[in-house]
Amino acid sequence: EPEVTQTPSHQVTQMGQEVILRCVPISNHLYFYWYRQILGQKVEFLVSFYNNEISEKSEIFDDQFSVERPDGSNFTLKIRSTKLEDSAMYFCASSEAGGDGYTFGSGTRLTVV
Amino acid sequence: SQQGEEDPQALSIQEGENATMNCSYKTSINNLQWYRQNSGRGLVHLILIRSNEREKHSGRLRVTLDTSKKSSSLLITASRAADTASYFCATQSSNRDDKIIFGKGTRLHILP
């Protein structure tokens, strides 16, 4: 069964450092998403991406965040200068049709120290 | 906010019993989805029900949707230890809005 692949599974970074979280969505999917889940809290929408541009972003997705689809397979989330409160599990997802059932990756646990 | 709110927050039942989780939301929706998350792991899509559907089945899962009450329920029949997980509902508000918004989830614990 096709999977969404995320790397790394766990990243520890110093506050103020830049991190790039990587995702390989399912190949025939057109819609891509990043969500995050702070420990013990609900899953929060960050950004959706379609046709090589951001289609929607949440208030969380401020100027410190950016997304990119640098080639035909990867979809990345960059946090330019990490803060302690960015510590969370970050999930990438893709879907064939926007808003229909997503396929989520297994997540990257980001720990900012 | 259109977010789903599940209840109960936590549920413990004996293996073999049925588990029912509920979700309420605030605005009109295009569809409602249920996801499972094992502790510290990724989210697994279980089932999607569209706004014009009232009930859907998938294996031991049964989902109902009542748009007049803005609520949905997820029933897991003949529960197993492997069903222990958190369950989230998520809603899509319209077919022009491709994001989904999650509720806080129900932690389900199946007792042996």
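Residues numbered from 1 in each chain as written. Chains lettered and ligands numbered in written order. Predicted model: local features only at pLDDT ≥ 70, side-chain atom pairs only at ≥ 80, totals over all residues. Heavy atoms only, no water.

What follows concerns the pattern of salt bridges. On inspection of all chains with the given rule, the structure shows 5 salt bridges over all chains. Note that B:Lys99 and A:Glu56 form a salt bridge whose closest N and O atoms lie 2.6 Å from each other. One end of the pair, B:Lys99, is in the loop between β9 (85-92) and β10 (101-102); the other, A:Glu56, is in strand β6 (residues 53-57), on a second chain. For B:Lys99, a relative accessible area of 11% gives the class buried. Put simply, B:Asp83 and B:Arg60 hold a salt bridge, and the shortest N to O gap is 2.9 Å. A residue pair is termed long-range when its members are at least 10 positions apart, and B:Asp83 in the loop between β8 (71-76) and β9 and B:Arg60 in the loop between β6 (55-58) and β7 (61-66) qualify at 23 residues. (Salt bridge = Lys/Arg side-chain N within 4 Å of Asp/Glu carboxyl O. Helix = DSSP H or I, 4+ residues; strand = E, 2+ residues; numbered from the N terminus. Buried < 20%, exposed > 50% of the residue type's maximum accessible area, 1.4 Å probe, protein only.)

To continue, consider the confidence of the model for chain B. Overall, the prediction assigns chain B a mean pLDDT of 91, with 94% of residues at 70 or greater. Here strand β1 (residues 5-7) of chain B stands out as the element of chain B with the lowest mean pLDDT, 80, in contrast to β7(B), whose mean of 98 is the highest. (pLDDT = per-residue confidence, 0-100.)

Before going further, it helps to examine the interface of chain A and chain B. The accessible area lost on association of the parts is a frequent measure of interface size. Facing the 21 residues of chain A at the interface are 22 residues of chain B. Here chain A meets chain B over a buried area of about 1600 Å², counting both sides, of which 51% is carbon and sulfur. The interface formed by chain A and chain B contains 1 salt bridge. Where chain A packs against chain B, one counts 5 residue pairs in polar contact (both at pLDDT 80 or more). (Contact = heavy atoms within 4.5 Å. Buried area = accessible area lost by both parts, 1.4 Å probe. Polar contact = N/O pair within 3.5 Å; in protein donor to acceptor, adjacent residues only side chain to side chain.)

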